[in-house]
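Chain residues, written in single-letter form:
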Amino acid sequence: PKAQGKDLRKTERELNSMTEVKEDILNQISALNKESADINERISKASQKVVNAEKMFRTREKDYAQHQEETLRKVELNKIIANGNQKEGKLQDQITPIRQKARVKETE
């Protein structure tokens, strides 16, 4: 039996061949879709890592700025304390002779 100049067996072979090609293409599409999904998952994970790294960077940057401010404040306070200690020493130097005079007067 012939259909449009082809016999049925030849048509079946061509159909089988085309079906195999179709299956191969569908398998390739499936593999590419899986690869695409894997790539998208890796991109998503990388993006999340970037978000986390940026968040950590901002936190550390803020902590560093605060530490710098605290260090400057500590330096200022140490200067104030040193100045206060120096004034206290001068006052102690002034008090000592006054106390000695007061003792002398008390013994008189």
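Just so you know, these numbers come straight off a predicted model, no measurement behind them.

Peer 1: Give me the overall build of the chain: which residues, what numbers.
Peer 2: The number of helices and strands found in the chain is 1 helix and 2 strands. In the chain, the succession of helices and strands from N to C terminus is β-β-α. For the chain, the C-alpha radius of gyration of 45 Å lies well beyond 13 Å, the compact-globule estimate for 108 residues. Overall, the chain is about 150 × 20 × 10 Å in size when its C-alpha atoms are taken along their principal axes. As presented, the chain carries roughly 10500 Å² of accessible surface, and 55% of it is formed by carbon and sulfur atoms. Averaging the coordinates of the 23 positive side-chain charges in the chain and doing the same for the 19 negative ones gives two points 5 Å apart.

Peer 1: A description of the pattern of salt bridges should follow, citing residues and the corresponding values.
Peer 2: One pass over the full model with this rule turns up 3 salt bridges. One salt bridge connects Lys34 with Asp38, and the closest N-O pair in it is separated by 3.3 Å. In this pair, Lys34 and Asp38 are both assigned in helix H1 (residues 8–107), 4 residues apart and thus about one turn of the helix distant. In this structure, the salt-bridge partner of Lys45 is Glu41, at a minimum N-O distance of 3.4 Å. You can see Lys45 and its partner Glu41 sitting in helix H1, 4 residues apart, about one turn around the helix. With relative accessibility at 44%, the residue Glu41 sits in the partly exposed group.

Peer 1: Now, about a nonpolar patch on the surface: what can you tell me, with residues and values included?
Peer 2: The grouping of Val21, Ile25, Leu26 and Ile29 at the surface amounts to a nonpolar patch, some 330 Å² of accessible area in total. Here Val21 lies in helix H1. You can call Val21 partly exposed: its relative accessible area is 42%.

Peer 1: Outline the confidence of the model for the chain, supporting the account with residue identities and numerical values.
Peer 2: For any part of a model where pLDDT is low, the fine detail of the predicted coordinates should not be relied upon. Of all residues in the chain, 94% have pLDDT values of 70 or greater, and the mean over the chain is 92. The least confident element of the chain is strand S1 (residues 2–3), whose mean pLDDT is 54; the most confident is H1, at 95.

Peer 1: For the environment of Glu35, give the residues involved together with the corresponding values.
Peer 2: In this structure, Glu35 sits in helix H1. Placed 60 residues apart in sequence, Glu35 and Ile95 show a C-alpha to C-alpha distance of 87 Å.

Rules behind the numbers
- Each chain carries its own residue numbering, running from 1 in the written order of its sequence.
- With pLDDT at 70 or above as the cut-off, local features in this predicted model cover only qualifying residues; side-chain atom pairs require 80 or more to be listed or tallied, and sums for whole chains, interfaces and linings still use all residues.
- Hydrogens and water molecules were not included; the side-chain quantities draw on all heavy atoms of the structure.
- Numbering of helices and strands runs from the N terminus, with a helix taken as a DSSP run of H or I at least four residues long and a strand as a DSSP run of E at least two residues long.
- Atoms considered for the radius of gyration are the C-alpha atoms alone. The globule rule reads 2.2 Å times the number of residues to the power 0.38.
- Only the protein chains shown count as covering a residue, and every accessible area follows the Shrake-Rupley method with a 1.4 Å probe.
- Think of it this way: Lys and Arg go in the positive column, Asp and Glu in the negative one, and His and the chain ends go nowhere.
- To locate a charge, the coordinates of NZ of Lys, CZ of Arg, CG of Asp or CD of Glu are taken.
- Salt bridge, as used here: a side-chain nitrogen of Lys or Arg that lies within 4 Å of a carboxyl oxygen of Asp or Glu.
- Burial classes follow relative accessibility: with a 1.4 Å probe on protein chains only, a residue under 20% of its type's maximum area counts as buried, one over 50% as exposed, and anything between as partly exposed.
- To count toward a patch, a residue needs a relative accessible area over 30% and no salt bridge; like charges are then connected within 9 Å, while nonpolar side chains (Val, Leu, Ile, Met, Phe, Trp, Tyr) are connected within 5 Å.
- For every residue, the pLDDT score states the predictor's confidence, bounded by 0 at the bottom and 100 at the top.

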